[in-house]
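Descriptive structure summary
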Amino acid sequence: KINEIPAMQEPEIEVEPAIYSNYSTLLTPNFEIRTLESARLKQSPIPNYKNGFFRLGFGFIWHSLLDLNVPIITKPKYSFDLSINHKGLFSNKSTDMMHHKSDGALAFTRHFEKGDFFVGGGYSFRGFNYYGKNELLANESYTINNQTVVGSDYFTKMASIHTWNATLGYKSLPDEESLNRFSIQVEYDGLQGNAGLGEHFISTNAKYQRSLDENNWGIDFKMQNAIYNTNKINTFATAPILQNHIFLLNPYFQFIQERWFLRIGFNGYFSTTGQVFVPSADIKANFAIIKKALFIYAGIEGDYQANTLQNTLNLNHYIDLNQNFKNTYTPLDVYGGFKIKFIHNLLTDIYVSYKMKKNQIFFVNQTMTDAANNVVMSNVFSSIYDNANKLTAGIKINYSLNDLLAFNVDGRYNHWETKNVEEAWGMPEWEVNVGANMKFGKRM
C-alpha cells in the first residue's frame, strides 16, 4: 500500500494514448534530477499483487535476498498488510566484507467514502564492516580534534544500526462535488547504532487545497523535530546539538489551463538551529508550444533540509556518528528545459539547472596524527559543510515500442564551485545511466 501524502498540486500532461512498459514510464512535467547515492543497498520495486508476493534468492559469496508481501486482511473497507525484506552478503571470514539490511513492517488502512485512514510501523536492522586497510594500531595513541585517543577505542570494525518507525495519517480522496482536499500525516523515526548519537525524528505534514473553477489554491505546513541522545557517543567527541526544529509554511496559487500550468508560491522556513528565518521562492510553469509534441518548462524554487542521521546514512553509512549535522539551505534553485515528442513513442527531455547551497554536505576520510606527528588516515568519513554552487546540464531519452521494448538514456554534466573545501568530494562530474528492456511476448 502506498501510504504517502499524494502530490496533488502537479498535473500530468497526457502526450499520447499509448501503452508503455512497466519498466519505462513517461517523464512527468515536473523537473527531475536524481542523485546517485553511494554505499546504499539497491532493490527493485516490488509489485503489489493482491494475493501477495514472495521472492527468495542466493548468490556468490553468500549473497541473500528475501521479499515477502502478505495481505493478511483484504476487505472493501479496510486492509492489513505485512512486508518483510532482506538483502545482504555475509562471509565466514572476518577479513571479508559484510553488509546486510533486514526490515519488517505492518500497515493498516481503513477506507471511508471520502478518504483513507492509515497507520503502520516497522523495524529495520543494518549491519556492515568498515572494509579497507585501516592504519590505526590498537595500542597506539593518536590525536584528533585536539583529543588523544587509543586506536582500539576509536576504530569500530563492525557497525550495527537499528531503526524503527511509525506512521499515522488521513488523506481525502478526489471528489468532484467537494471543493476541498486535505491530508495530514505524522511520522516518527528512531535510530540507534552501536556507537555515536541516537536520534528521534518526528515529521508532521499537513496539506490543504481548495478548487477555484479550474484553478486552485492551497497551503502546506511541515514541522520537523529532531531530538538526540548521547548514550553511546565517544567521550572525546565535540558537544553535540541535542535538538533541531524546523517549521515550514508554503502558501501557493495554481493556474491550470489546457496548454499551460503556473504555480506561484512562497516557502517560509523557521529554524531553531542556524538561520532563524529562511525564505525561498516556489514558482514553476510549463507550456505546450505544440500540443502533445513540444513542451517548455521552468521554475525557481528553494529548500531547507535537516540533515538527520537517517538521511545522511543513506548517502554514506561509513560516516562518524559522533558529530553534529547542519541544516542545508538552498536559497536558489532555478531550472528550465524542453520536452520533445514528435514521434509518439519517443520522448526527449533537455534541461539545465543552477543551484546555490549553504552548508552543502561533503564526505572526507578522517585524518589524525600519531605520536611521531605523522598523518594517519582512517576508513571512517567525516561530514564537512561548505557553500557551493552547482550547474547541471542534461538530457533524457525514453523510447517505448508498444509493451515489448523500452530503452532509456539519462546523462548529465555537473559543475561544482566550492568556497572553502578543495573540491566537491564524492560528487560526480559526469553521470550516465543507460537501460533497455525487451519482452518476448506478453508473458516472458
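Just above sits the structure.
Just so you know, these numbers come straight off a predicted model, no measurement behind them.

**Quick look at the overall build of the protein**
In terms of regular secondary structure, the protein is built from 2 helices and 20 strands. Looking at the protein residue by residue over its 444 residues, the buried ones come to 40%. In the protein, 60% of the contacts between residues at least 6 apart in sequence involve partners at least 24 apart. Looking at the protein as shown, the accessible area adds up to about 24,900 Å², and 59% of this sits on carbon and sulfur atoms.

**Some thoughts on the nonpolar core**
If you look at the biggest cluster of nonpolar residues, it comprises 20 residues, and the most contacted ones within it are Phe128, Tyr130, Leu309, Leu313 and Ile319. Contributing elements (two or more residues each) for this core: strand 8 (158-172), strand 10 (196-212), strand 11 (215-232), helix 2 (309-315), strand 17 (346-370) and strand 18 (375-401). The residues contacting phenylalanine 128, other than those within four sequence positions of it, are Met98, His99, Lys157, Met158, Ala159, Ile161, His317 and Tyr318.

**So, the packing of aromatic side chains**
Within this structure, the stated rule accounts for 11 aromatic pairs. Where tyrosine 78 meets phenylalanine 108, the ring centres are 6.3 Å apart and the plane angle is 35°; that geometry is what we call tilted. Residue tyrosine 78 is located in strand 3 (residues 78-89), and its partner phenylalanine 108 is located in strand 4 (residues 99-111); the two are separated by 30 residues in the primary sequence. For tyrosine 78, a relative accessible area of 32% corresponds to the partly exposed category. By relative accessible area, phenylalanine 108 is classed as partly exposed at 28%. Plain terms: the ring middles of tyrosine 208 and tryptophan 217 are 5.8 Å apart, the flat faces sit at 65° to each other, and that makes the pair edge-to-face.

**Comments concerning the environment of isoleucine 296**
Locating isoleucine 296 in the fold gives a position in strand 15 (residues 294-305). With 54 residues separating them along the chain, isoleucine 296 and isoleucine 350 place their C-alpha atoms 9.7 Å apart.

**Here we look at the environment of leucine 191**
Mapped onto the elements, leucine 191 comes out in strand 9 (residues 180-193). Take leucine 191: its relative accessible area is 2%, and that puts it in the buried class. Through-space distance from the C-alpha of leucine 191 to that of histidine 162 is 5.7 Å; in sequence the pair is 29 residues apart. Residues contacting leucine 191, with those up to four places away along its chain left out, are Ile161, His162, Thr163, Trp164, Leu197, Gly198, Glu199, Leu309, Gln310 and Leu313.

**Some points on a nonpolar patch on the surface**
A contiguous nonpolar surface patch, about 710 Å² in accessible area, is contributed by Trp260, Phe287, Ile289, Ile290, Ile296, Phe338, Phe342 and Ile343. When residues of the nonpolar patch are traced back to their parent elements, those giving at least two are strand 14 (277-290) and strand 16 (328-343). Residue placement: phenylalanine 287 occurs in strand 14. Here phenylalanine 287 falls in the partly exposed class, since its relative accessible area comes to 37%.

**Re the pairing of strand 11**
Relative to strand 11, strand 10 runs antiparallel, the two being bridged by 16 bridges. Its bridge partner lying in strand 11, isoleucine 202 is registered against asparagine 225. Here strand 11 pairs with strand 12 (residues 243-256) via 12 bridges, running antiparallel. Each bridged residue has a counterpart across the sheet, and for aspartate 220 the counterpart in strand 12 is asparagine 250.

**Details of unusual backbone geometry**
Unlike most non-glycine residues, aspartate 213 shows phi in positive territory, near 60°. When you line up the elements, aspartate 213 lands in the loop between strand 10 and strand 11. Even without being a glycine, asparagine 359 presents a positive backbone phi close to 65°. Mapping asparagine 359 onto the fold places it in strand 17.

**Concerning the pattern of salt bridges**
Scanning all chains against the criterion turns up 8 salt bridges. For aspartate 67, the salt bridge goes to arginine 55, with nearest N and O atoms at 2.6 Å. Residue aspartate 67 is found in strand 2 (residues 63-74), and its partner arginine 55 is found in strand 1 (residues 53-59); the two are separated by 12 residues along the sequence. The exposure class assigned to aspartate 67 is buried, which follows from its relative accessible area of 0%. In this structure, aspartate 282 and arginine 263 form a salt bridge, with 2.9 Å as the shortest nitrogen-oxygen distance. Separated by 19 residues along the polypeptide, aspartate 282 in strand 14 and arginine 263 in strand 13 (residues 260-271) bring together distant segments of the chain. An identical accessibility class is assigned to aspartate 282 and arginine 263; each is buried. Bridged by salt links that share partners, the residues Asp410, Arg412 and Glu431 form one connected network.

Calculation notes
- Residues numbered from 1 in each chain as written.
- Predicted model: local features only at pLDDT ≥ 70, side-chain atom pairs only at ≥ 80, totals over all residues.
- Heavy atoms only, no water.
- Helix = DSSP H or I, 4+ residues; strand = E, 2+ residues; numbered from the N terminus.
- Buried < 20%, exposed > 50% of the residue type's maximum accessible area, 1.4 Å probe, protein only.
- Contact = heavy atoms within 4.5 Å.
- Areas by Shrake-Rupley, 256 points an atom, 1.4 Å probe, with all protein chains shown as cover.
- Core = buried A, V, L, I, M, F, W, Y, C linked by side-chain atoms within 4.5 Å.
- Phe/Tyr/Trp six-rings, centres within 6.5 Å; stacked < 30°, edge-to-face > 60°.
- Patch = residues over 30% accessible without salt bridge, like charges linked within 9 Å, V, L, I, M, F, W, Y side chains within 5 Å.
- Salt bridge = Lys/Arg side-chain N within 4 Å of Asp/Glu carboxyl O.
- Pairing = 2+ DSSP bridges.

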